[in-house]
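Understanding the architecture of this molecule
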Amino acid sequence: MVVWKLNRLARSLKDLVTIVSDLEGRSMGFRSITEAIDTTSSAGRLVFHIFRALADFERNLIRERTVPV
């Protein structure tokens, strides 16, 4: 799948990770032209794994802030 910008595909990092993970499950690559991300290359997969880690971090921060101690 090719998109011009990441924000044209998803509104949140969590949604983006979900969509691209679904594409990977279907043996499809993802490419963002503006951000130069291509998950069919090693460098592109690395960048996307960093995005995935950031989404997990963001989700954990939200959980920590909302769960009573």
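In this report, the structure presented in the accompanying data block is examined. Note that the structure is a prediction, hence the values are computed from the model and not measured. The residue numbering used here restarts from 1 in each chain and proceeds along that chain's sequence as written. Since the coordinates come from a predicted model, pLDDT governs what is reported: local features require at least 70, and pairs of side-chain atoms require 80 or more to be given and counted, while whole-chain, interface and lining totals use all residues. Just so you know, side-chain values use all the structure's heavy atoms and leave hydrogens and water out.

Re the overall build of the protein
Defined as follows: Each helix corresponds to a stretch of at least 4 residues labelled H or I by DSSP, and each strand to a stretch of at least 2 residues labelled E; elements are numbered beginning at the N terminus. Type-normalised accessible area, obtained with a 1.4 Å probe on protein chains alone, sets the label of each residue: buried when under 20%, exposed when over 50%, and partly exposed for intermediate values. Contact definition: two residues touch when any of their heavy atoms are within 4.5 Å. To measure how exposed things are, a 1.4 Å probe is used in the Shrake-Rupley method; for residues, cover is taken only from the protein chains shown. As used throughout, the charge tally considers Lys and Arg to be positive and Asp and Glu to be negative, leaving His and the chain termini uncounted. One atom stands in for each charge, and that atom is NZ of Lys, CZ of Arg, CG of Asp or CD of Glu.
A count of helices and strands for the protein gives two helices and three strands. Starting at the N terminus and ending at the C terminus, the protein contains elements arranged as β-α-β-β-α. Overall size of the protein, expressed as C-alpha extent along the three principal axes, is 45 × 20 × 20 Å. Here the protein, with 69 residues, has 20% of them falling under the buried criterion. Of all intrachain contacts in the protein linking residues separated by at least 6 positions in sequence, the fraction that spans at least 24 positions is 56%. Approximately 5,000 Å² of the protein is accessible, and the part contributed by carbon and sulfur atoms is 58%. Across the protein, 11 positive and 8 negative side-chain charges occur, with their mean positions spaced 3 Å apart.

Points about the pattern of salt bridges
One side chain can pair with another of opposite charge once the charged atoms of both are near each other. Keep this limit in mind: Any Lys or Arg side-chain nitrogen located within 4 Å of an Asp or Glu carboxyl oxygen qualifies as a salt bridge.
With the rule as written, the count across this model stands at three salt bridges. Of the charged contacts in the structure, one is a salt bridge between R26 and D22, with a shortest N-O distance of 3.2 Å. In this structure D22 comes out as partly exposed when scored by relative accessible area, which is 40%. Between E24 and R52 there is a salt bridge, and its shortest N-O distance comes to 3.5 Å. On the criterion of sequence distance, the pair formed by E24 in helix 1 (residues 13-25) and R52 in helix 2 (residues 42-66) is long-range, its members being 28 residues apart.

Some points on the side chain of T39
This is how it is decided: Polar contacts, as used here, are pairs of N or O atoms within 3.5 Å; protein pairs need one atom able to donate a hydrogen and one able to accept it. Residues neighboring in sequence count only if both atoms are side-chain atoms.
For T39, the position within the fold is in the loop between strand 3 (37-38) and helix 2. A distance of 2.7 Å separates the side chain of T39 from the backbone nitrogen of F30, its partner in a polar contact. Here T39 is in contact with V20, G29, F30, G44, R45 and F48, once residues within four sequence places are set aside.

Digging into helix 1
Rules: Helices are assigned an expected span. That span is 1.5 Å times one less than the residue count. In this context, the arc is that of the directions from the helix axis out to the C-beta atoms.
The end-to-end C-alpha distance of helix 1, which contains 13 residues, comes to 18 Å, matching closely the 18 Å that a straight helix rising 1.5 Å per residue would cover. Where helix 1 is concerned, the buried positions are L16, V17, V20 and L23. Angular distribution of buried residues about the axis of helix 1 spans 125°; they occupy a single face of the element. Those residues of helix 1 that are buried are in contact with helix 2. Following helix 1 by one or two positions, S27 has its phi on the positive side, about 60°.

So far we have only geometry, and geometry alone does not tell us how the molecule works.
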